[in-house]
Amino acid sequence: MNLTLHLGRLRLVFDFWFFAVITCFALLNHQALLLYLALPVLIHEVGHLVVLAWLKIPVAEVYFGPASITIRTRSSHLSYPRELAVACAGVAANLLAAFFLWRMAFQSMRTMLMVASNLAVALFNLLPAGQLDGGQILRCLCDILFPPGVARNISRIISFALLTPLFALSVLLLLRGVANFTLLLCCVYLVVTVMFRD
């Protein structure tokens, strides 16, 4: 069950589970951290949309799923330089936002939390896994450097090699009594997206 809105030729599709996850997060969180996560995610996605518009690549749909936001273009295939530019745009937007907030704004706790949130969103999206920007960048670079079958295998090997220590850390934290289910769930999600990406 999806909610679909139309803005001209652009479709905004909101999955039921997107609202369920947002509602659970808001109900379980008493410190308004949802705002500090939502704004950097919005900045990130606007970064992608700005570069798509600058490259004159029409956007067909923005899909809000339970664990990700996906931008679908009307073009079936982008050249590697364009794909790299779009993939890097979200991270660049977060890094620029963090830099300007840090340099221009008052050094309050709220500002520093927003700086940290933008940096966290940028670093998370740089992980070379699945549909994250880092995964897209890695896949694109491997496709440029290697034949298709080899590129896919090298991309998966690098993704697993970098996700394995993160997964091990999440399990170790749980075994030591530090309940960090978010890190464990993120690791499981990223491993699944690597396994079923193609």
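Reading the values: rules and limits
All chains use their own residue numbering, which begins from 1 and follows the written sequence. Local features in this predicted model are restricted to residues of pLDDT 70 or higher, and side-chain atom pairs are both shown and tallied only at a pLDDT of 80 or more, whereas totals for entire chains, interfaces and linings draw on every residue. Side-chain calculation: all heavy atoms of the structure are included, whereas hydrogens and water are not. Helix and strand definitions follow DSSP, with helices as H or I runs of at least four residues and strands as E runs of at least two, each counted in order from the N terminus. Taken over C-alpha atoms, the radius of gyration is set against a globule rule of 2.2 Å times the number of residues to the power 0.38. Throughout, a contact is declared for two residues whenever any of their heavy atoms are within 4.5 Å. We get accessible surface area from the Shrake-Rupley algorithm with a probe of 1.4 Å; when it comes to residues, only the shown protein chains can shield them. His residues and chain termini do not enter the charge count, which takes Lys and Arg as positive and Asp and Glu as negative. The location of each charge is read from NZ of Lys, CZ of Arg, CG of Asp or CD of Glu. When two rings of Phe, Tyr or Trp (its six-membered ring) have centres within 6.5 Å they constitute a pair, described as stacked for plane angles under 30 degrees, edge-to-face for angles over 60, and tilted for the intermediate range. A 1.4 Å probe rolled over the protein chains alone gives each residue an accessible area, and that area as a share of the maximum for its type sets the label: buried under 20%, exposed over 50%, partly exposed in between. By salt bridge we mean one thing: a side-chain nitrogen of Lys or Arg within 4 Å of a carboxyl oxygen of Asp or Glu. Expected helix span is computed as 1.5 Å times (number of residues minus one). The angle between two axes is taken between their N-to-C directions and runs from 0 to 180 degrees, where each axis is a line fitted to C-alpha atoms and a helix contributes only its stretch in contact. Each angle is binned into one of four classes, with values under 35 degrees roughly parallel, values over 145 roughly antiparallel, values of 65 to 115 roughly perpendicular, and all other values oblique. If you view the pair so one helix is near and one far, a crossing is left-handed when the near helix is turned anticlockwise from the far one by less than a right angle, and right-handed when it is turned clockwise. Each residue receives one of three labels: charged for Asp, Glu, Lys and Arg, nonpolar for Ala, Val, Leu, Ile, Met, Phe, Trp, Tyr, Cys and Pro, and polar for the others, Gly being one of them.

Colleague: Explain the overall build of the protein chain here, please?
Modeller: A tally of helices and strands in the protein chain yields 7 helices and 4 strands. Seen in sequence order, the protein chain has helices and strands lined up from the N terminus as β-β-α-α-β-β-α-α-α-α-α. Its C-alpha atoms give the protein chain a radius of gyration of 18 Å, within 12% of the compact-globule value 16 Å for 198 residues. If you line up the protein chain on its principal axes, its C-alpha atoms span 45 × 45 × 40 Å. Sequence separation of 24 or more characterises 56% of the internal contacts of the protein chain that already satisfy a separation of 6 or more. Of the roughly 12200 Å² of accessible surface on the protein chain, 74% is carried by carbon and sulfur atoms. Side-chain charges of the protein chain comprise 13 positive and 7 negative groups, with the mean position of each set lying 4 Å from the other.

Colleague: For this particular structure, what's the right way to read the packing of aromatic side chains?
Modeller: The way to describe two aromatic rings as a pair is by their centre distance and the angle between their planes. Going through the model one piece at a time under the given rule, you end up with 7 aromatic pairs. Taken together, a centroid distance of 6.0 Å and an interplanar angle of 50° make the contact between Phe14 and Phe18 tilted. Taking the relative accessible area as the measure of exposure, Phe18 reaches 17% and is therefore buried. Linked through ring pairs, Phe14, Phe18, Phe19 and Phe64 together constitute an aromatic cluster.

Colleague: Mind showing me how you'd approach the pattern of salt bridges here?
Modeller: Here the idea is simple: oppositely charged side chains can pair when their charged atoms come close. Scanning the model with the defined rule gives 4 salt bridges in all. Where Arg11 meets Glu61, a salt bridge forms, and the shortest distance between an N and an O atom there is 2.5 Å. Of this pair, Arg11 sits in strand S2 (residues 10-15) while Glu61 sits in strand S3 (residues 59-64), and the two are 50 residues apart along the sequence. Owing to a relative accessible area of 34%, Arg11 belongs among the partly exposed residues under this scheme.

Colleague: Can you walk me through helix H7 (residues 181-195) in this structure?
Modeller: In an α-helix there are 3.6 residues to a turn, and that puts residues three or four apart on one side. For H7, built from 15 residues, the straight-helix expectation of 21 Å at 1.5 Å per residue is met to within 8% by its first-to-last C-alpha distance of 21 Å. Residues of H7 that are buried: Leu183, Leu184, Cys187, Leu190, Thr193 and Val194. Residues of H7 that are buried make contact with helix H4 (109-125) and helix H6 (148-175).

Colleague: Sorry, what's going on with the packing of helix H2 (residues 33-54) against helix H3 (residues 80-104) here?
Modeller: Pairs of packed helices are described in terms of their axes, by the angle between the two and the distance that separates them. Running from N to C, H2 and H3 point in directions that differ by 135°, and their axes come no closer than 7 Å. Between H2 and H3, the angle falls in the class oblique. In this structure, H2 meets H3 at a crossing whose hand is right-handed. Contacts from Pro40, Ile43, His44, Gly47, His48, Val51 and Leu52 in H2 reach Ala85, Val86, Ala87, Ala89, Gly90, Val91, Ala93, Asn94 and Ala97 in H3. For the contact of H2 with H3, the per-class residue count stands at 11 nonpolar, 5 polar and no charged.

Colleague: Got a minute to help me understand the packing of H3 against H4 in this structure?
Modeller: Two elements in contact, H3 and H4, have axes separated by 8 Å at closest approach and are oriented at 160°. Regarding the angle of H3 to H4, the classification is roughly antiparallel. Between H3 and H4 lies a crossing of left-handed hand. Of H4, the residues touching H3 (which contributes Val91, Asn94, Leu95, Ala97, Ala98, Leu101 and Trp102) are Thr111, Met112, Met114, Val115, Asn118, Leu119, Val121, Ala122 and Asn125.

Colleague: Which parts of the structure should I look at to understand the side chain of Ser170?
Modeller: Counting through the fold element by element, Ser170 comes out in helix H6. You can call Ser170 buried: its relative accessible area is 1%. Those residues in contact with Ser170 that lie beyond four places of it in its chain are Leu183, Leu184 and Cys187.

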